[in-house]
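Each chain, letter by letter, is given below.
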There are 2 protein chains.
Amino acid sequence: MAKDEIPRRAIYRVSIYQRCLQRLKENEVDTVSSQALAKAAGVKPTQLRKDLAYFGQFGTRGLGYDVANLSEVLTEVLGRTRFQPVIIAGIGNLGSALLRYGGFQREGFEIVAGFDVEPNRVRDPDIKTPVYHEDKMVAFIRKHQVKMAILSVPASCAQGVANDMVTGGIQAILNFSPTVLEVPEKVIVNGVDLALELENLSYFIR
Amino acid sequence: MAKDEIPRRAIYRVSIYQRCLQRLKENEVDTVSSQALAKAAGVKPTQLRKDLAYFGQFGTRGLGYDVANLSEVLTEVLGRTRFQPVIIAGIGNLGSALLRYGGFQREGFEIVAGFDVEPNRVRDPDIKTPVYHEDKMVAFIRKHQVKMAILSVPASCAQGVANDMVTGGIQAILNFSPTVLEVPEKVIVNGVDLALELENLSYFIR
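Fair warning: this is a prediction, and the values are worked out from it, not measured in the lab.

Peer 1: Mind laying out the environment of Arg 106 of chain B, listing which residues take part and the relevant values?
Peer 2: Considering the arrangement of structural elements, one finds Arg 106 of chain B in helix H6 (residues 103-106). Expressed as a C-alpha distance, the spacing of Arg 106 of chain B and Ala 36 of chain B, which sit 70 residues apart in the sequence, is 25 Å.

Peer 1: Requested: an account of the nonpolar core, with residues and values cited.
Peer 2: If you look at the biggest cluster of nonpolar residues, it comprises 96 residues, and the most contacted ones within it are Phe 104 and Ile 150 of chain A together with Phe 104 and Ile 150 of chain B. Sequence-distant contacts of Phe 104 of chain B, that is, excluding residues within four places in its chain, are made with Leu 194, Ala 195 and Leu 198 of chain A together with Leu 98, Phe 109, Ile 111 and Ile 150 of chain B.

Peer 1: Provide a residue-level description of the relation of the copies chain A and chain B, including the pertinent values.
Peer 2: Note on the copies: chain A fits chain B at an RMSD of 0.0 Å, the axial shift is 0.0 Å, and the rotation between them is 180°. The two molecules are tied by a two-fold rotation axis, judged by turn and shift. Scanning chain A for the C-alpha nearest the rotation axis identifies Ala 97 of chain A, at a separation of 2.6 Å. Taken as a fraction of all interface residues of chain A, those also at the interface in chain B reach 100%, which identifies the copy contact as same-surface.

Peer 1: Describe the sheet that holds strand S4 (residues 109-116) of chain B, with residues and values.
Peer 2: Residue and element names in this part refer to chain B. The strand order across the open sheet formed by 6 strands is S5-S4-S3-S6-S7-S8, and the pairing between neighbours is parallel. Each of the sheet's edge strands pairs with one partner strand only, and the pair in question is strand S5 (131-133) and strand S8 (188-191). Averaged over all pairs of adjacent strands, the angle between their axes in this sheet comes to 25°, without regard to strand direction. With 4 bridges connecting them, strand S6 (residues 148-151) and strand S7 (residues 172-175) associate as parallel partners. Paired with Met 148 across the two strands is Ala 172, which belongs to S7.

Peer 1: Describe the domain arrangement of chain A, listing the residues and the values that go with them.
Peer 2: Segmentation of chain A into domains returns domain 1 (3-77) and domain 2 (84-198). Spacing between the C-alpha centres of domain 1 of chain A and domain 2 of chain A amounts to 31 Å.

Peer 1: Help me get a handle on helix H8 (residues 155-168) of chain B, residues and values and all.
Peer 2: Residue and element names in this part refer to chain B. With 14 residues, H8 extends 20 Å between its outermost C-alpha atoms, agreeing within 8% with the 20 Å of an ideal straight helix rising 1.5 Å per residue. Residues of H8 that are buried: Ala 158, Val 161, Ala 162, Met 165, Val 166 and Gly 168. All buried residues of H8 lie within an arc of 150° about the axis, which places them on one face of the element. Positive phi shows up at Gly 169, right after H8, with a value of about 125°.

Peer 1: Just give me the short version of the interface of chain A and chain B, but keep the residues and values in it.
Peer 2: If you look at the interface, chain A gives 61 residues, while chain B gives 61 residues. Contact between chain A and chain B buries roughly 6200 Å² in total, counting both sides, with carbon and sulfur atoms accounting for 61%. On the chain A side of the interface with chain B, the three residues burying the most area are Leu 198, Glu 199 and Tyr 203 of chain A, jointly 13% of the side's total. The tally of links between chain A and chain B comes to 4 salt bridges. Lys 39 of chain B is paired through a salt bridge with Glu 182 of chain A; the nearest N and O atoms lie 3.9 Å apart. At the surface where chain A touches chain B, the tally comes to 10 residue pairs in polar contact (both at pLDDT 80 or more). With 10 residues, the single largest contributor to the side of chain A that touches chain B is helix H9 (residues 194-203) of chain A. Here the residues of the side of chain A that touches chain B sort into 35 nonpolar, 10 polar and 16 charged.

About the thresholds
Residues numbered from 1 in each chain as written. Chains lettered and ligands numbered in written order. Predicted model: local features only at pLDDT ≥ 70, side-chain atom pairs only at ≥ 80, totals over all residues. Heavy atoms only, no water. Helix = DSSP H or I, 4+ residues; strand = E, 2+ residues; numbered from the N terminus. Core = buried A, V, L, I, M, F, W, Y, C linked by side-chain atoms within 4.5 Å. Buried < 20%, exposed > 50% of the residue type's maximum accessible area, 1.4 Å probe, protein only. Contact = heavy atoms within 4.5 Å. Least-squares fit on C-alpha atoms with pLDDT ≥ 70 in both. Pairing = 2+ DSSP bridges. Axes fitted to C-alpha atoms, helices over the stretch in contact; angles between N-to-C directions. Domains from an automatic or database assignment. Expected span 1.5 Å × (residues − 1). Arc of directions from axis to C-beta. Buried area = accessible area lost by both parts, 1.4 Å probe. Salt bridge = Lys/Arg side-chain N within 4 Å of Asp/Glu carboxyl O. Polar contact = N/O pair within 3.5 Å; in protein donor to acceptor, adjacent residues only side chain to side chain. Nonpolar A, V, L, I, M, F, W, Y, C, P; charged D, E, K, R; others polar.

See the structure below:
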(Lines give C-alpha, C1' and ligand atoms only; values in the text may rest on other atoms or scores of the structure.)
Protein backbone atom coordinates (compact mmCIF):
# COMPACT_ATOMS: atom_id res chain seq x y z
CA MET A 1 0.00 0.00 0.00
CA ALA A 2 1.29 3.48 -0.90
CA LYS A 3 2.39 5.65 2.02
CA ASP A 4 -0.14 8.34 1.32
CA GLU A 5 -3.05 5.90 1.48
CA ILE A 6 -2.40 5.16 5.15
CA PRO A 7 -4.01 7.64 7.56
CA ARG A 8 -1.56 9.96 9.36
CA ARG A 9 -3.00 9.00 12.75
CA ALA A 10 -2.45 5.30 12.05
CA ILE A 11 1.27 6.02 11.78
CA TYR A 12 1.20 7.73 15.18
CA ARG A 13 -0.43 4.66 16.64
CA VAL A 14 2.14 2.36 15.01
CA SER A 15 4.85 4.32 16.85
CA ILE A 16 2.99 3.72 20.10
CA TYR A 17 2.55 -0.02 19.37
CA GLN A 18 6.24 -0.19 18.64
CA ARG A 19 7.09 1.36 22.02
CA CYS A 20 4.82 -1.08 23.82
CA LEU A 21 6.50 -3.97 21.99
CA GLN A 22 9.94 -2.64 22.98
CA ARG A 23 8.86 -2.68 26.61
CA LEU A 24 7.52 -6.23 26.29
CA LYS A 25 10.85 -7.30 24.76
CA GLU A 26 12.75 -5.71 27.64
CA ASN A 27 10.54 -7.71 30.00
CA GLU A 28 11.27 -10.86 28.00
CA VAL A 29 7.66 -11.37 26.94
CA ASP A 30 7.53 -13.47 23.74
CA THR A 31 3.90 -13.22 22.66
CA VAL A 32 1.10 -10.74 23.31
CA SER A 33 -2.64 -10.86 22.58
CA SER A 34 -4.21 -8.08 20.53
CA GLN A 35 -6.34 -7.22 23.59
CA ALA A 36 -3.29 -6.78 25.83
CA LEU A 37 -1.29 -4.82 23.24
CA ALA A 38 -4.29 -2.59 22.47
CA LYS A 39 -4.82 -1.88 26.16
CA ALA A 40 -1.15 -0.97 26.68
CA ALA A 41 -1.37 1.40 23.72
CA GLY A 42 -4.64 2.94 24.88
CA VAL A 43 -6.70 1.93 21.81
CA LYS A 44 -9.48 -0.56 21.07
CA PRO A 45 -8.42 -4.04 19.80
CA THR A 46 -10.35 -3.44 16.54
CA GLN A 47 -8.32 -0.27 15.97
CA LEU A 48 -5.05 -2.13 16.55
CA ARG A 49 -5.99 -4.91 14.12
CA LYS A 50 -7.11 -2.40 11.50
CA ASP A 51 -3.87 -0.41 11.81
CA LEU A 52 -1.65 -3.48 11.55
CA ALA A 53 -3.60 -4.77 8.53
CA TYR A 54 -2.12 -1.89 6.47
CA PHE A 55 1.27 -3.56 6.74
CA GLY A 56 0.54 -7.28 6.48
CA GLN A 57 -0.96 -10.22 8.30
CA PHE A 58 0.23 -10.69 11.86
CA GLY A 59 -0.68 -12.90 14.77
CA THR A 60 -2.13 -16.35 15.13
CA ARG A 61 -5.65 -16.84 16.43
CA GLY A 62 -5.48 -17.91 20.06
CA LEU A 63 -1.73 -17.27 20.29
CA GLY A 64 -1.48 -13.54 19.61
CA TYR A 65 1.47 -11.69 18.15
CA ASP A 66 5.10 -12.74 18.18
CA VAL A 67 6.65 -9.74 19.96
CA ALA A 68 10.10 -9.86 18.32
CA ASN A 69 8.72 -10.40 14.82
CA LEU A 70 6.04 -7.71 14.98
CA SER A 71 8.50 -5.24 16.50
CA GLU A 72 10.96 -5.88 13.68
CA VAL A 73 8.31 -5.32 11.01
CA LEU A 74 7.09 -2.09 12.62
CA THR A 75 10.67 -0.78 12.93
CA GLU A 76 11.01 -1.36 9.19
CA VAL A 77 7.63 0.32 8.55
CA LEU A 78 8.62 3.41 10.52
CA GLY A 79 11.94 3.62 8.70
CA ARG A 80 13.67 3.79 12.06
CA THR A 81 16.60 1.69 10.93
CA ARG A 82 17.98 4.85 9.35
CA PHE A 83 19.55 7.64 11.39
CA GLN A 84 17.87 11.02 10.84
CA PRO A 85 19.68 14.33 11.28
CA VAL A 86 17.43 17.24 12.27
CA ILE A 87 17.98 21.01 12.40
CA ILE A 88 16.15 23.51 14.56
CA ALA A 89 15.40 27.15 13.80
CA GLY A 90 14.73 29.58 16.64
CA ILE A 91 16.83 29.05 19.76
CA GLY A 92 14.81 31.05 22.28
CA ASN A 93 13.33 29.54 25.46
CA LEU A 94 11.53 26.69 23.78
CA GLY A 95 14.27 26.02 21.22
CA SER A 96 16.90 25.84 23.97
CA ALA A 97 14.76 23.36 25.87
CA LEU A 98 14.36 21.22 22.79
CA LEU A 99 18.15 21.22 22.31
CA ARG A 100 18.64 20.04 25.88
CA TYR A 101 15.78 17.54 25.73
CA GLY A 102 17.20 14.03 25.61
CA GLY A 103 14.12 12.33 24.15
CA PHE A 104 14.97 12.90 20.49
CA GLN A 105 18.41 11.34 20.67
CA ARG A 106 17.01 8.30 22.44
CA GLU A 107 14.62 7.74 19.56
CA GLY A 108 17.30 7.94 16.86
CA PHE A 109 17.19 11.61 15.90
CA GLU A 110 20.13 13.94 16.26
CA ILE A 111 19.75 17.68 16.24
CA VAL A 112 22.88 18.54 14.27
CA ALA A 113 22.60 22.35 14.29
CA GLY A 114 20.52 25.25 15.51
CA PHE A 115 19.85 28.52 13.68
CA ASP A 116 18.84 31.88 15.13
CA VAL A 117 18.90 35.56 14.22
CA GLU A 118 21.08 36.02 17.33
CA PRO A 119 23.40 33.02 17.22
CA ASN A 120 25.70 34.50 19.88
CA ARG A 121 23.05 35.29 22.48
CA VAL A 122 24.00 33.84 25.88
CA ARG A 123 22.50 30.39 26.24
CA ASP A 124 22.62 27.47 28.64
CA PRO A 125 26.23 26.16 28.68
CA ASP A 126 24.79 22.63 28.61
CA ILE A 127 23.83 23.16 24.97
CA LYS A 128 26.55 21.51 22.92
CA THR A 129 24.81 21.76 19.53
CA PRO A 130 26.35 24.52 17.38
CA VAL A 131 24.08 27.54 16.80
CA TYR A 132 24.58 29.47 13.55
CA HIS A 133 23.06 32.60 12.05
CA GLU A 134 19.81 31.97 10.22
CA ASP A 135 21.45 33.23 7.00
CA LYS A 136 23.51 30.04 6.93
CA MET A 137 20.54 27.67 7.21
CA VAL A 138 19.75 27.02 3.53
CA ALA A 139 23.37 26.24 2.69
CA PHE A 140 23.68 23.94 5.72
CA ILE A 141 20.53 21.99 4.80
CA ARG A 142 21.84 21.49 1.27
CA LYS A 143 25.37 20.55 2.29
CA HIS A 144 24.29 18.00 4.90
CA GLN A 145 21.17 16.87 3.01
CA VAL A 146 18.99 17.40 6.08
CA LYS A 147 15.36 16.39 5.51
CA MET A 148 13.77 17.20 8.88
CA ALA A 149 13.51 20.48 10.75
CA ILE A 150 12.00 21.83 13.97
CA LEU A 151 10.56 25.33 13.81
CA SER A 152 10.41 27.23 17.11
CA VAL A 153 10.62 30.85 15.97
CA PRO A 154 7.98 33.50 16.86
CA ALA A 155 4.75 33.17 14.87
CA SER A 156 5.44 36.44 13.03
CA CYS A 157 8.48 35.06 11.20
CA ALA A 158 7.53 31.37 11.03
CA GLN A 159 6.36 31.41 7.41
CA GLY A 160 9.55 33.08 6.17
CA VAL A 161 11.81 30.61 7.95
CA ALA A 162 9.64 27.70 6.75
CA ASN A 163 10.05 28.98 3.18
CA ASP A 164 13.84 28.93 3.62
CA MET A 165 13.66 25.39 4.99
CA VAL A 166 11.71 24.24 1.95
CA THR A 167 14.14 26.04 -0.36
CA GLY A 168 17.03 24.14 1.22
CA GLY A 169 15.29 20.78 0.77
CA ILE A 170 13.52 20.10 4.07
CA GLN A 171 10.70 17.58 3.57
CA ALA A 172 9.18 17.49 7.05
CA ILE A 173 8.72 20.25 9.63
CA LEU A 174 7.77 19.93 13.28
CA ASN A 175 6.16 23.32 13.92
CA PHE A 176 6.00 24.77 17.43
CA SER A 177 4.97 28.24 16.23
CA PRO A 178 1.28 28.94 16.84
CA THR A 179 0.53 29.57 13.18
CA VAL A 180 -0.66 27.65 10.12
CA LEU A 181 2.20 27.26 7.61
CA GLU A 182 1.71 27.27 3.85
CA VAL A 183 4.09 24.76 2.27
CA PRO A 184 4.22 22.83 -1.01
CA GLU A 185 2.16 19.65 -1.02
CA LYS A 186 5.22 17.39 -0.89
CA VAL A 187 6.28 18.89 2.46
CA ILE A 188 4.73 17.48 5.64
CA VAL A 189 4.07 19.68 8.67
CA ASN A 190 3.17 18.38 12.13
CA GLY A 191 2.14 21.12 14.53
CA VAL A 192 2.73 21.09 18.28
CA ASP A 193 0.96 24.03 19.82
CA LEU A 194 1.40 23.87 23.57
CA ALA A 195 -1.05 26.63 24.45
CA LEU A 196 -3.60 25.04 22.12
CA GLU A 197 -3.25 21.76 24.01
CA LEU A 198 -4.01 23.48 27.30
CA GLU A 199 -6.89 25.36 25.73
CA ASN A 200 -8.31 22.10 24.45
CA LEU A 201 -8.09 20.55 27.92
CA SER A 202 -9.67 23.55 29.60
CA TYR A 203 -12.75 23.08 27.44
CA PHE A 204 -13.40 19.75 29.13
CA ILE A 205 -13.04 21.01 32.70
CA ARG A 206 -16.22 21.26 34.71
CA MET B 1 -25.31 19.75 22.58
CA ALA B 2 -23.50 18.00 25.41
CA LYS B 3 -19.74 18.55 25.57
CA ASP B 4 -18.94 14.89 25.12
CA GLU B 5 -20.92 14.65 21.88
CA ILE B 6 -18.57 17.07 20.16
CA PRO B 7 -15.43 15.46 18.69
CA ARG B 8 -12.19 16.31 20.52
CA ARG B 9 -10.54 17.41 17.29
CA ALA B 10 -13.38 19.84 16.55
CA ILE B 11 -12.47 21.66 19.76
CA TYR B 12 -8.85 21.92 18.60
CA ARG B 13 -10.04 23.45 15.37
CA VAL B 14 -12.30 25.91 17.22
CA SER B 15 -9.19 27.14 19.06
CA ILE B 16 -7.49 27.69 15.71
CA TYR B 17 -10.53 29.50 14.25
CA GLN B 18 -10.56 31.70 17.34
CA ARG B 19 -6.89 32.65 16.81
CA CYS B 20 -7.52 33.50 13.18
CA LEU B 21 -10.47 35.67 14.22
CA GLN B 22 -8.30 37.45 16.81
CA ARG B 23 -5.81 38.27 14.09
CA LEU B 24 -8.59 39.57 11.80
CA LYS B 25 -9.84 41.77 14.66
CA GLU B 26 -6.35 43.16 15.21
CA ASN B 27 -6.26 44.00 11.51
CA GLU B 28 -9.67 45.69 11.81
CA VAL B 29 -11.40 43.25 9.47
CA ASP B 30 -15.17 43.21 10.21
CA THR B 31 -16.43 40.25 8.16
CA VAL B 32 -14.80 37.12 6.75
CA SER B 33 -16.07 34.49 4.31
CA SER B 34 -16.05 30.84 5.33
CA GLN B 35 -13.58 30.19 2.47
CA ALA B 36 -11.12 32.79 3.77
CA LEU B 37 -11.43 31.74 7.42
CA ALA B 38 -11.07 28.05 6.50
CA LYS B 39 -7.95 28.80 4.43
CA ALA B 40 -6.35 30.78 7.26
CA ALA B 41 -7.03 27.88 9.63
CA GLY B 42 -5.73 25.25 7.20
CA VAL B 43 -9.02 23.33 6.86
CA LYS B 44 -11.66 22.85 4.17
CA PRO B 45 -14.67 25.23 4.22
CA THR B 46 -17.04 22.27 4.72
CA GLN B 47 -15.07 21.28 7.84
CA LEU B 48 -15.28 24.82 9.22
CA ARG B 49 -19.04 25.01 8.67
CA LYS B 50 -19.57 21.59 10.21
CA ASP B 51 -17.48 22.49 13.29
CA LEU B 52 -19.29 25.79 13.84
CA ALA B 53 -22.70 24.11 13.45
CA TYR B 54 -22.09 22.36 16.80
CA PHE B 55 -22.40 25.72 18.51
CA GLY B 56 -25.10 27.57 16.59
CA GLN B 57 -25.94 29.23 13.33
CA PHE B 58 -23.40 31.75 12.13
CA GLY B 59 -22.82 33.80 9.03
CA THR B 60 -25.05 35.29 6.37
CA ARG B 61 -25.03 33.91 2.85
CA GLY B 62 -22.98 36.20 0.63
CA LEU B 63 -21.75 38.26 3.57
CA GLY B 64 -19.78 35.75 5.63
CA TYR B 65 -19.18 35.83 9.36
CA ASP B 66 -19.22 38.86 11.63
CA VAL B 67 -15.69 38.65 13.05
CA ALA B 68 -16.39 40.26 16.44
CA ASN B 69 -19.57 38.29 17.03
CA LEU B 70 -18.18 34.88 16.04
CA SER B 71 -15.03 35.51 18.08
CA GLU B 72 -17.11 36.33 21.15
CA VAL B 73 -19.19 33.16 20.80
CA LEU B 74 -16.10 30.96 20.36
CA THR B 75 -14.42 32.55 23.39
CA GLU B 76 -17.51 31.60 25.37
CA VAL B 77 -17.47 28.08 23.88
CA LEU B 78 -13.83 27.56 24.84
CA GLY B 79 -14.46 28.83 28.36
CA ARG B 80 -11.58 31.22 27.92
CA THR B 81 -13.30 34.00 29.81
CA ARG B 82 -12.18 32.21 32.97
CA PHE B 83 -8.61 32.29 34.19
CA GLN B 84 -7.09 28.81 34.62
CA PRO B 85 -4.33 28.03 37.10
CA VAL B 86 -2.09 25.12 36.10
CA ILE B 87 0.53 23.12 38.00
CA ILE B 88 3.46 21.23 36.51
CA ALA B 89 5.13 18.10 37.87
CA GLY B 90 8.70 17.28 36.85
CA ILE B 91 11.02 20.27 36.56
CA GLY B 92 13.84 18.75 34.55
CA ASN B 93 14.98 20.07 31.17
CA LEU B 94 11.60 20.02 29.52
CA GLY B 95 9.70 21.15 32.62
CA SER B 96 12.08 24.12 33.08
CA ALA B 97 11.53 25.10 29.48
CA LEU B 98 7.79 24.94 29.90
CA LEU B 99 8.06 27.18 32.97
CA ARG B 100 10.03 29.75 30.97
CA TYR B 101 7.84 29.42 27.89
CA GLY B 102 5.71 32.55 27.57
CA GLY B 103 3.02 31.06 25.34
CA PHE B 104 0.81 29.71 28.12
CA GLN B 105 0.52 33.01 29.95
CA ARG B 106 -0.37 34.79 26.73
CA GLU B 107 -3.28 32.41 26.24
CA GLY B 108 -4.69 32.89 29.73
CA PHE B 109 -3.07 30.06 31.67
CA GLU B 110 -0.81 30.64 34.63
CA ILE B 111 1.53 27.98 35.92
CA VAL B 112 1.14 28.64 39.63
CA ALA B 113 3.58 26.03 40.98
CA GLY B 114 6.03 23.35 39.98
CA PHE B 115 6.68 20.06 41.79
CA ASP B 116 9.76 17.86 41.66
CA VAL B 117 11.50 15.17 43.68
CA GLU B 118 14.45 17.56 43.86
CA PRO B 119 12.81 20.94 44.43
CA ASN B 120 16.12 22.60 45.33
CA ARG B 121 18.12 21.45 42.32
CA VAL B 122 19.85 24.43 40.64
CA ARG B 123 17.62 25.80 37.90
CA ASP B 124 17.54 28.73 35.53
CA PRO B 125 17.33 31.93 37.65
CA ASP B 126 14.74 33.21 35.15
CA ILE B 127 12.24 30.74 36.58
CA LYS B 128 10.09 32.70 39.03
CA THR B 129 7.46 30.01 39.62
CA PRO B 130 7.91 28.35 43.04
CA VAL B 131 9.06 24.72 42.89
CA TYR B 132 7.98 22.46 45.78
CA HIS B 133 8.64 18.85 46.71
CA GLU B 134 6.32 16.39 45.01
CA ASP B 135 5.02 15.32 48.45
CA LYS B 136 3.26 18.67 48.69
CA MET B 137 1.43 18.36 45.37
CA VAL B 138 -1.85 16.74 46.45
CA ALA B 139 -2.38 19.26 49.27
CA PHE B 140 -1.56 22.17 46.95
CA ILE B 141 -4.03 21.01 44.29
CA ARG B 142 -6.77 20.73 46.92
CA LYS B 143 -6.03 24.03 48.62
CA HIS B 144 -5.92 26.03 45.39
CA GLN B 145 -8.59 23.96 43.60
CA VAL B 146 -6.32 23.48 40.58
CA LYS B 147 -8.00 21.55 37.76
CA MET B 148 -5.24 21.38 35.14
CA ALA B 149 -1.76 19.88 35.30
CA ILE B 150 1.24 19.38 33.07
CA LEU B 151 3.16 16.13 33.51
CA SER B 152 6.81 16.18 32.44
CA VAL B 153 8.35 13.53 34.68
CA PRO B 154 10.27 10.49 33.34
CA ALA B 155 8.04 7.78 31.86
CA SER B 156 8.91 5.38 34.68
CA CYS B 157 7.18 7.48 37.34
CA ALA B 158 4.49 9.15 35.20
CA GLN B 159 1.64 6.86 36.28
CA GLY B 160 2.33 7.34 39.99
CA VAL B 161 2.44 11.14 39.69
CA ALA B 162 -0.71 11.10 37.53
CA ASN B 163 -2.47 9.08 40.24
CA ASP B 164 -1.54 11.74 42.81
CA MET B 165 -2.84 14.46 40.49
CA VAL B 166 -6.18 12.66 40.18
CA THR B 167 -6.31 12.13 43.96
CA GLY B 168 -5.88 15.87 44.47
CA GLY B 169 -8.68 16.71 42.05
CA ILE B 170 -6.97 17.38 38.70
CA GLN B 171 -9.45 16.96 35.83
CA ALA B 172 -7.17 17.47 32.83
CA ILE B 173 -3.55 16.46 32.25
CA LEU B 174 -1.21 17.57 29.49
CA ASN B 175 1.18 14.62 29.36
CA PHE B 176 4.71 15.04 27.98
CA SER B 177 5.90 11.65 29.26
CA PRO B 178 6.17 9.05 26.50
CA THR B 179 3.73 6.66 28.13
CA VAL B 180 0.01 5.87 28.06
CA LEU B 181 -1.62 6.91 31.36
CA GLU B 182 -4.49 5.04 32.97
CA VAL B 183 -6.86 7.54 34.56
CA PRO B 184 -10.53 7.50 35.58
CA GLU B 185 -12.95 8.20 32.75
CA LYS B 186 -13.80 11.69 34.01
CA VAL B 187 -10.16 12.80 33.67
CA ILE B 188 -8.99 14.02 30.26
CA VAL B 189 -5.42 13.43 29.07
CA ASN B 190 -3.84 15.11 26.05
CA GLY B 191 -0.48 13.69 25.13
CA VAL B 192 2.40 15.61 23.58
CA ASP B 193 5.16 13.22 22.65
CA LEU B 194 7.92 15.14 20.93
CA ALA B 195 9.94 12.15 19.78
CA LEU B 196 6.74 10.57 18.47
CA GLU B 197 6.08 13.68 16.38
CA LEU B 198 9.52 13.41 14.79
CA GLU B 199 9.07 9.69 14.26
CA ASN B 200 5.77 10.36 12.53
CA LEU B 201 7.39 12.90 10.24
CA SER B 202 10.31 10.65 9.41
CA TYR B 203 7.88 8.08 8.06
CA PHE B 204 6.88 10.48 5.29
CA ILE B 205 10.40 11.37 4.20
CA ARG B 206 11.50 9.97 0.89
